[in-house]
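# Report on the structure
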Amino acid sequence: MPRIPELSPSEFAVRWPAYATGEDVVLLDVREPAELAVAAVSSALHIPMREVPTRLVELDRDKPLVVMCHSGGRSFRVAEYLLGCGFAAVFNLKGGIEAWSTEIDSRVPRY
């Protein structure tokens, strides 16, 4: 299995400054709905980890996918799965929404 590249939220924002439009990259949030109710990035596509295998058709294979969760563990496993399913450009968001809150948008609550 190839190594999963990881990006900090700051590196992500520098690499794709127009990420909020979703035109150049897909930010995939794999947390559960209850977690999204506490903290979320509005431009992210939300598919809970357990639903990813049945919802692959919703993912754009022509765009890089950056997978996020609370702190980076679940998203890393989903990124591995997506690479195994043939997605070519998959990254893990290191530190997840916790790091997003400290590096990008402090208005996003930490939990």
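An account of the accompanying structure is given in this report.

Rules of the game
Residues numbered from 1 in each chain as written. Predicted model: local features only at pLDDT ≥ 70, side-chain atom pairs only at ≥ 80, totals over all residues. Heavy atoms only, no water. Salt bridge = Lys/Arg side-chain N within 4 Å of Asp/Glu carboxyl O. Pairing = 2+ DSSP bridges. Helix = DSSP H or I, 4+ residues; strand = E, 2+ residues; numbered from the N terminus. Contact = heavy atoms within 4.5 Å. Axes fitted to C-alpha atoms, helices over the stretch in contact; angles between N-to-C directions. Phe/Tyr/Trp six-rings, centres within 6.5 Å; stacked < 30°, edge-to-face > 60°. Buried < 20%, exposed > 50% of the residue type's maximum accessible area, 1.4 Å probe, protein only.

Before going further, it helps to examine the pattern of salt bridges. Counted under the stated rule, the structure contains eight salt bridges. With its nearest N and O atoms 2.6 Å apart, the salt bridge here joins R55 to E51. Through salt bridges with shared partners, a single network forms among E32, R50, E51, R55 and E58.

Taken together, five strands build an open sheet; the order of strands is β1-β5-β4-β2-β3 and the sheet is parallel. In the strand order of this sheet, the two ends are held by β1 (6–7) and β3 (45–46), each with one partner. As judged from the two bridges shared by strand β2 (residues 26–29) and β3, these two strands associate in the parallel manner. Looking across to β3, one finds that L28 is bridged to L45. Each of β1, β2, β4 (65–68) and β5 (90–93) is contacted by helix α3 (residues 73–84), which is oriented at about 175 degrees to β5, the strand it contacts most.

We now examine the packing of aromatic side chains. Throughout the structure, instances matching the rule amount to five aromatic pairs. Aromatic pair F12 and Y19: ring centres 5.2 Å apart, planes at 50 degrees, arrangement tilted. Across this residue pair, the class does not change: F12 and Y19 are buried. For the ring pair F12 and W100, a centre distance of 5.8 Å and an interplane angle of 55 degrees mean the geometry is tilted. Of this pair, F12 sits in helix α1 (residues 9–15) while W100 sits in helix α4 (residues 96–103); the two residues are 88 residues apart in sequence, bridging distant segments of the chain.

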